[in-house]
Every structure is written in structure tokens, then in C-alpha cells.
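Report on the structure
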Amino acid sequence: MQPPLLTLFRLCALSRNGFNPPCVSTKEAHVLARLAVANGVAGWLLDRLDADYPDWPPTKAVRKTLLDAAHVNLSRCAAMTGVIMRISTLLRKNGIEPVILKGMALLRDYYPDIAHRSTSDIDLLASGVPATRIRDVLVSDGAEPIRTRPNWLDEVRNHLVPMRYRGLMVEVHRNLARYDVGSVSPIVNIDSHVVSAEAFSSLDAEALFCHLAIHGASHRRRTEVSLKWYVDFAQVIMSRSADPAAFVSRCLAIAPSAKSDIRWAVSIAIPLLPAPVGDELMEAGFKPVKLTLAAIDATTLRLWPLRKAFYRVQVLTLSLVEFVKRNVASIPTNVLKHSN
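Figured I'd write up the structure that's included with this text. Within each chain, residue numbers correspond to sequence positions counted from 1 in written order. Reporting of local features is limited, given that this is a predicted model, to residues whose pLDDT is at least 70; pairs of side-chain atoms are given and counted only at 80 or more, and all residues count toward the totals for whole chains, interfaces and linings. Side-chain descriptors were evaluated using all non-hydrogen atoms of the structure, hydrogens and water having been removed beforehand.

**Some words on the sheet that holds strand β1 (residues 99–101)**
- Taken together, five strands build an open sheet; the order of strands is β1-β2-β5-β4-β3 and the sheet is mixed. A single partner strand is all that each edge strand has here, and the edge strands are β1 and β3 (144–145). Pairing between strands requires that DSSP locate at least two bridges from one strand to the other. The secondary structure listing takes helices from DSSP runs of H or I that are at least 4 residues long and strands from runs of E that are at least 2 residues long, numbered from the N terminus.

Here it is as C-alpha cells:
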């Protein structure tokens, strides 16, 4: 039998595409179900099994496990929706437009059911205002930092220290920098990609896909994996299935410094897409990922602990460089001339 994570990946595809799942024991089926829960796709997998694999024996065996997890997703998303509505009301009273990133924005706009994907926190983008202003508004309503970090580091990271607010974790992002460091967003003129809505604003499909690619690639560099991110890639591309190649080209154009991340996200999405959509992307020159365990799970790569350690050193180095740049820039010119 192929590795369970690879089987789960194939089962999560938006279309069966001729895939014949392997014969597995009841024990192995429950391993798949637990992997689905751990990867945030239990509700999504249940829907895929019902739609395309109703006669596969494990479908019946894992239904309860997946359904229980989907109910947990549903309850948590309902709670997060309530908290987001409170945040939206609070921020708008203070003249700030709430822009929600990732999980809840995806579930609202790209998934047919909010039970399909797990969500762990609420991500806010500070669009047009300092991130600290959003933090101060939330703190005034009871939010508390979950942890502390040195002030100099907090000033150069792309998001503030996570806060606990109404029982949920909230992260306020200054921008969507590739290595979580710096003041320059890889998405050109990101404020122009904000789409207003009654409950909360979000990013348009192009900017959202760029952000998802940057976020997913960042986690891959730190050797972390979650299949829900890969399904996210496919869902957003599918929303523009009338011309997926043109959609991806627009994504590359608005985030030129993140081209490698975007191409990686497309490559891993192609095997999850219905064949006609994937074929169109391949005809446009995008290559699908070779389906190996290492392609979807970086912890199976050689020397992965060293890769993870290297990423941490890289982020710390970039943080130090950014700190020095900011502080040198803040020194009056006459002082620098005098020191020379």
C-alpha cells in the first residue's frame, strides 16, 4: 500500500479523475480518517467519499470519525463567525475596515459548507491603518497577548504577537511578507485587492491565492504540512476555472517576488483539480507535482530537522537585517556625517 498521506491526498481531489483507491483494512481506514482530522480535511473528505466513493468499503467504516470531526468544525466555525462579527462591528465603529484572511474568508467564499475545513485562528490584515491600532482597539475590548517577544522583533515581523480574544486566537498582519519579516508586501498594491462585503472584507481571488501560496510555501520551508492548504489552492483556482491559466498569470503578475511560491502552489493543486482544468494549466506550461510523499510532506525529506533549523536562522537573520535598516534610516543625516 502507498503511504496513507498520499492516499488521503488523492481522495481529497475535487474530482475522482479515474482514481481507484487501494484495498485497505479497517485499521488502515481509521489511520486515513485520523490523518484527515489532523490535516483539517475531515469534513471535506467525508463529502468527497459520499460523492465519488460511496461503494468503497472504508467509506462506511470511517463515516462516524469524519462526521464527528465535521461537527467540531461546524461548531468552531460558528463560534468564529460570532467573534468575527463582533470584531467587524468594533473596528468599523473606530473607522477601520476588517479584512479577514485565510480560513474564514475561504469558507465563506470558496467552500460549499463551513464544516469542510478546520480553522484554528482569525487572521486580520491591517489595510490602510497601522496594525497596532487594530491591536489597541481589540485590547480595549478584552484581548490579551498570548505570549511576549522582544520589542525589536515585534516591530519587524509581518504580524503582531497573537492575541486571545473571546476565547479565540487572533493575529493582526501588517503585510503578507514571504518570510514573515519586513515592511514590503510581495503583492503589489495590496489595498487595491480588498473586496468589501457586509460582514467583513476579504482579498480578491488573485491576491488571496498569492497569500495562500506564500503562506503554504513558508510552512513547507519550516517542514510543516497540512493538506487543507493544498485543497485551498485547488478551490481558489477552481473558482476561476473558466480560464485558470489566465488567473494564475494574473497572480504571478501581482506578486513577482513570490513567483516560485505561486508556481509551487499551482503544481501541487493540479493533481487535485478536475482533469480539464489541470490539463489547461499544463498546456499553459505549469507542471504538476510528482506525487511522492516528499512532495507533500517535507518531514520526509532528508535532513529535515536541519532544514527546519536553517529556516529559523534565516528568519532571524532577515529580522536582524530589517531591524538594522530601520534604525539606520531613523538616524538623522547630520549625525551620520559627524560620525564619519
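**Digging into helix α8 (residues 205–221)**
- In this scheme, a helix's expected span is set at 1.5 Å multiplied by one less than its residue total. For α8, built from 17 residues, the straight-helix expectation of 24 Å at 1.5 Å per residue is met to within 8% by its first-to-last C-alpha distance of 24 Å.
- Accessible area is worked out with a 1.4 Å probe on protein chains only. A residue is then buried under 20% of its type maximum, exposed over 50%, and partly exposed in between. Judged by how many residues are buried, α8 sits mostly within the fold: 15 of 17 residues are covered.
- Taken from the residues just after α8, Thr223 is the one with a positive phi, measuring 60 degrees.

**Side note on unusual backbone geometry**
- One non-glycine residue, Asn189, adopts positive backbone phi at about 50 degrees.
- For Asn189, the location among the structural elements is in the loop between β5 (168–173) and β6 (194–195).
- In this structure Asn189 comes out as exposed when scored by relative accessible area, which is 53%.
- Residues other than glycine seldom take positive phi values, yet Thr223 does so here, at roughly 60 degrees.
- Tracing the chain through its elements places Thr223 in the loop between α8 and α9 (227–238).

**Description of the packing of helix α2 (residues 26–38) against helix α4 (residues 57–93)**
- Contact geometry of α2 with α4 gives a least axis separation of 9 Å together with a crossing angle of 25 degrees. Taken as axis vectors, α2 and α4 run roughly parallel relative to one another. Where α2 crosses over α4, the handedness of that crossing is right-handed. Facing α2, whose interface residues are Ala29, His30, Ala33, Ala36 and Val37, α4 presents Pro58, Ala61, Val62, Thr65, Leu66 and Ala69.
- Residues that form the contact of α2 with α4 fall into these classes: nine nonpolar, two polar and no charged. A fitted line through C-alpha atoms serves as each axis, taken over the contacting stretch for helices, and the angle formed by two N-to-C directions is quoted from 0 to 180°. Our angle categories are set so that under 35 degrees counts as roughly parallel, over 145 as roughly antiparallel, 65 to 115 as roughly perpendicular, and the remainder as oblique. Each crossing is labelled by how the near helix is turned from the far one, with a counterclockwise turn of less than a right angle marking it left-handed and a clockwise turn marking it right-handed. We call two residues in contact when some of their heavy atoms are within 4.5 Å. Just so you know the grouping, Ala, Val, Leu, Ile, Met, Phe, Trp, Tyr, Cys and Pro go in nonpolar, Asp, Glu, Lys and Arg go in charged, and all remaining residues, Gly too, go in polar.

**Describing the nonpolar core**
- The criterion is simple. A nonpolar core is a set of buried Ala, Val, Leu, Ile, Met, Phe, Trp, Tyr and Cys residues joined through side-chain atoms within 4.5 Å. Residues Leu138, Phe209, Tyr230 and Ile262 are the most contacted members of the largest nonpolar core, which totals 102 residues.
- By residue number, the principal contributor to this core is α4, which donates ten residues.
- The contacts of Leu138, once residues within four sequence positions are left out, are Ile87, Leu90, Leu124, Ala143, Met163, Tyr165 and Val170.

**Description of the environment of Gly216**
- With respect to the secondary-structure elements, Gly216 resides in helix α8.
- The buried category is assigned to Gly216, whose relative accessible area is 2%.
- The spatial distance from the C-alpha of Gly216 to the C-alpha of Ala265 is 7.7 Å, given a sequence separation of 49 residues.
- Gly216 has contacts with Trp229, Phe233 and Trp264, leaving out every residue within four places of it along the chain.

**What about the pattern of salt bridges?**
- By salt bridge we mean one thing: a side-chain nitrogen of Lys or Arg within 4 Å of a carboxyl oxygen of Asp or Glu. Tallying each qualifying case throughout the model produces 18 salt bridges.
- The shortest N-O distance in the salt bridge between Lys64 and Asp68 comes to 2.8 Å. On the criterion of helical spacing, the pair formed by Lys64 and Asp68 is a turn pair, its members being four residues apart in helix α4.
- The network of salt bridges with common partners includes Arg86, Asp141 and Arg166.

**Here we look at the pairing of β5**
- Of all six residues in β5, five are buried, a share of seventy percent or more.
- In this structure, strand β2 (residues 122–125) lies alongside β5, joined through four bridges in parallel fashion. Within β5, the position partnered with Leu125 by the bridge is His173.
- The loop that links strand β4 (residues 163–165) with its antiparallel partner β5 comprises two residues; one of these, Arg166, has a positive phi angle of about 55 degrees.

**With respect to the side chain of Arg222**
- Here Arg222 shows up in the loop between α8 and α9.
- Beyond its immediate stretch of four places on either side in the chain, Arg222 contacts Asp180, Lys308 and Tyr311.

**With respect to the environment of Ala105**
- Mapped onto the fold, Ala105 is located in helix α5 (residues 102–109).
- The exposure class of Ala105 is buried, given its relative accessible area of 2%.
- Sequence spacing of Ala105 and Phe200 is 95 residues, and the spatial spacing of their C-alpha atoms is 8.8 Å.
- The contacts of Ala105, once residues within four sequence positions are left out, are Ile100, Tyr110, Phe200 and Ser202.

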